[in-house]
Amino acid sequence: MAASLDQKSPNVLLQSLCCRITGKSEAEVAHQFQYAVRVIGSNYAPTIERDEFLVSEKIKKEMVKQRREADAALFSELHRKLQTQGVLKHRWSVLYLLLSLCEDPRKPSPRLGSYGALFAQALPRDAHSTPFYCTRPQSLALSYGDRASAPGGATVVAGAPGALSSTTMGTSGISSLGVYTLNGPSPTPQSLLAGQPPAAGGPALGSRLAWALPVGSAPACALAPPSSRPPLGPVSLNRGIRPRRDGDPNAEVTEAALVRDILYVFQGIDGKYIKMNLADNCYKMDAKVVLCKSLRDTGSRLAELGWLHNKVRKYTDARSLDRAFGLVGQSFCASLHQELKEYYRLLSVLHSQLQVEEDQGVNLMVESSLTLKRLLVWTYDPKARLKTLAALVDFCQGRKGGELASAVHAYGKTGDPQMRALVQHILSLVSHPILNFLYRWIYDGELEDTYHEFFVASDPNVKTDRLWHDKYSLRKSMIPSFITMDQSHKVLLIGKSINFLHQVCHDRTPPGKITPASKSADTPSDAAELLWDLEGAFQGKIDAAYFDTSRYLLNVLNRDYLLLDHLQAMRRYLLLGQGDFIRHLMDLLKPELARPATTLYQHNLTGILETAVRATNAQYDNAEILKRLDVRLLEVSPGSTGWDVFSLDYHVDGPIATVFTRECMSRYLRAFNFLWRAKRMEYTLTDIWKGQMCNAKLLKTMPELSGVLHQCHILASEMVHFIHQMQYYITFEVLECSWDELWNKVQQAQDLDHIITAHEVFLDTIISRCLLDSNSRSLLNQLRAIFNQIIEFQSAQDSLYRSALEELRLRLQYDEQKKTRETQGEWGVTAEQEAEEANRVREFQDTIPKMRSQLHILTHYYQGIVQQFLVLLMTSPDQSLRFLSFRLDFNEHYRAREPRLRASLGTTRGRRS
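So, how was this worked out
Residues numbered from 1 in each chain as written. Predicted model: local features only at pLDDT ≥ 70, side-chain atom pairs only at ≥ 80, totals over all residues. Heavy atoms only, no water. Helix = DSSP H or I, 4+ residues; strand = E, 2+ residues; numbered from the N terminus. Buried < 20%, exposed > 50% of the residue type's maximum accessible area, 1.4 Å probe, protein only. Contact = heavy atoms within 4.5 Å. Areas by Shrake-Rupley, 256 points an atom, 1.4 Å probe, with all protein chains shown as cover. Salt bridge = Lys/Arg side-chain N within 4 Å of Asp/Glu carboxyl O. Phe/Tyr/Trp six-rings, centres within 6.5 Å; stacked < 30°, edge-to-face > 60°. Pairing = 2+ DSSP bridges. Polar contact = N/O pair within 3.5 Å; in protein donor to acceptor, adjacent residues only side chain to side chain. Expected span 1.5 Å × (residues − 1). Axes fitted to C-alpha atoms, helices over the stretch in contact; angles between N-to-C directions. Left-handed = near helix turned anticlockwise from the far one by under 90°. Nonpolar A, V, L, I, M, F, W, Y, C, P; charged D, E, K, R; others polar. Patch = residues over 30% accessible without salt bridge, like charges linked within 9 Å, V, L, I, M, F, W, Y side chains within 5 Å. Lys, Arg positive; Asp, Glu negative; His and termini not counted. Parallel < 35°, antiparallel > 145°, perpendicular 65-115°, else oblique. Bend = angle between axes of the 7 residues up to and from the residue. pLDDT = per-residue confidence, 0-100.

(A) Summary view of the overall build of the chain. In terms of helices and strands, the chain carries 33 helices and eight strands. Per-residue burial over the chain gives 48% buried out of 913 residues. Once local pairs closer than 6 in sequence are excluded, the contacts in the chain between residues at least 24 apart make up 75%. Summed over its atoms, the accessible surface of the chain is roughly 46200 Å², and 54% of this surface lies on carbon and sulfur atoms.

Right, dumping it as structure tokens:
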């Protein structure tokens, strides 16, 4: 028996098996045998993509759905360890096996021939019914099989991996098994296979697939009860058994043949009469085909559906395997796959109906009801949807990430509710990865953007000290259009604050305790819910995370790192706000700073600084602040004194260095040097005034000096007035007003960026209004020249007083000697001594015109500089500087000398009045 079986061919054995199972003769089982041959020769494509990550994620989600979070965490840890080892080469297969084993065994398993039997038994109900085109795909397409053409014209449904390739000679078209989706075929209810109506509450046949045959074309046996129907058999794809009606090659093509061609074109496959014209990029009907105009026009209109299908399919095929396209791009491709899958279901229904009707037509001589006009009606909605998808594909070319989501969102602004629903569904899939990125960023501070799709960018080369300023930034091109700029800026600040707390502040508080994590967008449906309520729930999530995280960060900076105390210390020491300390420090430093700069030593100046701190109210400051206060010597230039190179310094590090950056400390140093020089002028004029007051009575006995001393008093008064007005302007109008504005902003700041911005505005205001910016360079040069004249005047007056006091001492000594000799009864002076004294007095009096001339030159030069300074002030765009010019020339002395100043002042006063 075994030997005889070995000698028989597989076809003979298969036919014998069919006879044994059915209990019929070989002639009666021909139909079943043909179906069996087709099934055995089928080659099924994989139904899912071999992606280990997707399978592991699906296993974890299944565990979470079953409330087995601990098992999910354990599985994730074991899977991670397994990935680090090379024990298993096919981890995906093992994971997929585990996933398959965990599925519910009570679910009915799909049977291969269920759809073939269903199509063989389905009866038409309405001649004008339209196949249902599902508008909401139920599963996510992961991959598609390739198109294939078998010898003899056999084809496979484009993109439907469940479709079978026929090996039967002369067969063509699409098998009824083509309705198998990417996730496997849907089981057919047993009631439908037995010819019974679907049970209540069960899935209706029309909910997925619907087709119709003309009422008049239904065979008589189709109206019989199920028991009287002929035995079921598989639907044959062999269309070669239907002979041509006219053997003439120039005869007119029948509508039925054109329908078969159109069904191929719908899948992007060239038909016998309709082929793709690459030059014109469209499907064209062969010009040699004899066909009436109406059918030719209708066929051309239907062929557009194939062109649209090719356009969408070409995009998905090119992008699906492109890893650099990113998660957002893959989600977009998946959404297009879903729509194409529903389109393929429709084509499967049409092909199956055509096959059933052809088989019935062969047996009963009945014409098919599948006409071009009915195809035109049935494909109206699918064509509209494919047009939308094709236009969307064109619009999204060259885009990825958030830019791609913006393009999809912009295309959804249409008045057609069906098209708007389609685009909204695609947008929910496309935005799902973006929202996952966003929630991971704002709740955990993690940024895993491998393909640069998210609108928050990270620079790994930036060090920790510049984390806040340079490490994270916004990719404005990747900000989705449904997320506002304010929202994206808050999202950036939230994640940046979390990373700043962990990496710079070394705060180990879990992010979940800073702000409670809200429900994330685990599924596209969750993403769709957020997209429908962008100004409500979505805005609320971002605002809550923003306020909680920012408030916690500011509390840490103020509590643990004394940010506000350091800010006040800058005002007190570097901006000379601690008056008693600055005055005492200047008194102690005066002998040292009068020396050449090359003879100064920093340790000596540091000791003087500590002495000034212990002797003033500065001693009550926080020790953390005082230890950061130090002395700094600037670069020494030839001829510089200690006054030119001395500066206070304040060391900053850690988190506070984010606010007090190097650029900020450089501006503090510039401001200190200017204020210190202005304070020195005030200190110098005080010494000048003391000298004048102390020496006024002593020099009354020298009337020849009255004119010179009066000239010194006048010039000193001018200088004192000028410096007092400048000090008032700098202290109150610049420093105090700017500080008050800064402190109010700091108290109201909602995040660290607000404090940094307010602090930078404060420093910029001080630099510009203290004439230290590039626009005020000429004013600053004039002011420094005025300061130099004050130093020159101090030197000239000191020299005058030294000469006058020396002359006074000699005169008093001469008078004392004269009185002593008269007391002793001698002549007070001799003629020779008297002549010598008169000669010496004459020499001193001869030096007075030189002193007066020197003071006159000094006064003239000083007034010329002041006059030029006032003119520059009047031309300044800053109104406060123009008012300062008016106060400096309170008696209008310079106005009378300078016409430009006169006109400007008159105009200014006119405006004020």
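(B) Looking closely at the pattern of salt bridges. Applying the stated criterion to the full structure yields 42 salt bridges. A salt bridge links arginine 628 to glutamate 624; its shortest N-O distance comes to 2.9 Å. Look at arginine 628 and you get buried, because its relative accessible area is 11%. Relative accessible area serves as the criterion here: at 25%, glutamate 624 is assigned to the partly exposed category.

(C) Quick look at unusual backbone geometry. Of note, leucine 562 is a non-glycine position whose phi angle comes to about 50°, a positive value. By the element assignment, leucine 562 lies in the loop between helix H20 (534-560) and helix H21 (563-574).

(D) Inspection of the packing of aromatic side chains at higher detail. A complete count under the given rule lists 18 aromatic pairs for this structure. Seen in terms of ring centroids, tyrosine 439 and tyrosine 443 are 5.8 Å apart; in terms of plane orientation they differ by 20°. Their pairing is stacked. Separated by four residues within a single helix, tyrosine 439 and tyrosine 443 lie in helix H15 (residues 417-444), roughly one turn from each other. Accessibility classification places tyrosine 439 together with tyrosine 443 in one group, the buried group. Look at phenylalanine 646 and tryptophan 676: their rings are 5.2 Å apart centre to centre, the planes differ by 45°, and that puts the pair in the tilted class. Pair noted here: phenylalanine 646 is in strand E8 (residues 646-650) and tryptophan 676 is in helix H26 (residues 662-698), with a separation of 30 residues, a long-range link.

(E) Main features of the pairing of E8. Taking burial as the measure, the five residues of E8 include five buried ones, the bulk of the element. With burial as the criterion, each face of E8 is covered, one bearing Phe646, Leu648 and Tyr650 and the other bearing Ser647 and Asp649. As paired strands, strand E7 (residues 629-633) and E8 are joined by five bridges and run antiparallel to one another. Looking across to E8, one finds that arginine 632 is bridged to serine 647.

(F) Up close: the environment of cysteine 102. Position of cysteine 102 among the secondary structure elements: in the loop between helix H6 (91-101) and helix H7 (114-121). Separated by 43 residues in the primary sequence, cysteine 102 and isoleucine 59 place their C-alpha atoms 8.8 Å from one another.

(G) Quick peek at the side chain of arginine 628. As for its position among the elements, arginine 628 is in the loop between helix H24 (623-626) and E7. A polar contact of 3.2 Å, which involves the side chain of arginine 628, links it to the side chain of aspartate 653. Contact partners of arginine 628, with chain neighbours within four places excluded, come to His566, Asp649, Tyr650, His651, Val652, Asp653 and Ile656.

(H) View of helix H28 (residues 752-769). Compared with the 26 Å implied by 1.5 Å per residue over 18 residues, the 26 Å span of H28 between its first and last C-alpha is a close match. Here H28 has its buried residues at Leu752, Asp753, Ile755, Ile756, Ala758, His759, Phe762, Leu763, Ile766, Ile767 and Arg769. Sitting at the amino-terminal end of H28 is aspartate 751, which places a side-chain oxygen 2.9 Å from the backbone nitrogen of aspartate 753. Taken from the residues just after H28, leucine 771 is the one with a positive phi, measuring 65°.

(I) Here's a closer look at the pairing of strand E4 (residues 282-285). Residues Tyr283 and Met285 point to one face of E4 and are all buried, whereas Cys282 and Lys284, pointing to the other face, are not buried. Here strand E3 (residues 274-277) runs beside E4; their pairing, made up of four bridges, is antiparallel. Within E4, the residue paired with asparagine 277 across the bridge is cysteine 282. In this structure, the hairpin formed by E3 and E4 is closed by a connection of four residues, where asparagine 281 is found at a positive phi of approximately 55°.

(J) Local environment of the packing of helix H30 (residues 831-874) against helix H31 (residues 879-888). Where H30 meets H31, the axes come as close as 7 Å, and the angle between the chain directions of the two elements is 145°. Handedness of the H30/H31 crossing: left-handed. Residues Phe869, Leu870, Leu873 and Met874 of H30 form the contact with H31, whose participating residues are Leu881, Arg882, Leu884, Ser885 and Leu888. Here the contact of H30 with H31 is composed, by residue class, of seven nonpolar, one polar and one charged.

(K) Broad picture of a nonpolar patch on the surface. On the surface, a cluster of nonpolar side chains totalling about 560 Å² of accessible area is made up of Val87, Leu88, Val94, Leu97, Leu98 and Leu101. Its place among the elements puts leucine 98 in helix H6.

(L) Seen up close, the environment of tyrosine 380. Relative to the elements of secondary structure, tyrosine 380 occurs in helix H13 (residues 380-395). Looking at tyrosine 380, the relative accessible area reads 60%, which means it is exposed. Here the alpha-carbon distance between tyrosine 380 and leucine 305, two residues 75 residues apart in the chain, equals 9.5 Å.

(M) How the structure looks around the side chain of glutamate 453. By the element assignment, glutamate 453 lies in the loop between H15 and strand E5 (456-458). Lysine 400 provides the closest opposite charge to the buried, salt-bridge-free glutamate 453, at an N-O distance of 6.3 Å. Residues in contact with glutamate 453, not counting those within four places in the same chain, are Phe325, Gly326, Leu327, Val328, Gly329, Lys400, Gly401, Gly402, Phe437, Arg475 and Met478.

(N) Here's a closer look at the packing of helix H29 (residues 777-823) against H30. At a closest axis distance of 10 Å, the pairing of H29 and H30 adopts a crossing angle of 165°. Taken together, the axes of H29 and H30 lie roughly antiparallel to each other. Where H29 crosses over H30, the handedness of that crossing is left-handed. Split into classes, the residues belonging to the contact of H29 with H30 amount to 22 nonpolar, eight polar and seven charged.

(O) Region of the structure containing H20. Along its 27 residues, H20 runs 37 Å from first to last C-alpha, staying within 8% of the 39 Å computed at 1.5 Å per residue. Of all the bends in H20, the greatest measures close to 30° and is centred on glycine 540. Leucine 562 sits one or two residues past H20 and shows a positive phi near 50°.

(P) Just the confidence of the model for the chain, in detail. Per-residue pLDDT for the chain averages 78, and the proportion of residues at 70 or more is 78%. Here residues 1-6 is a poorly scored stretch, pLDDT under 50, and it has one contact once near neighbours within four places are set aside; other chains count.

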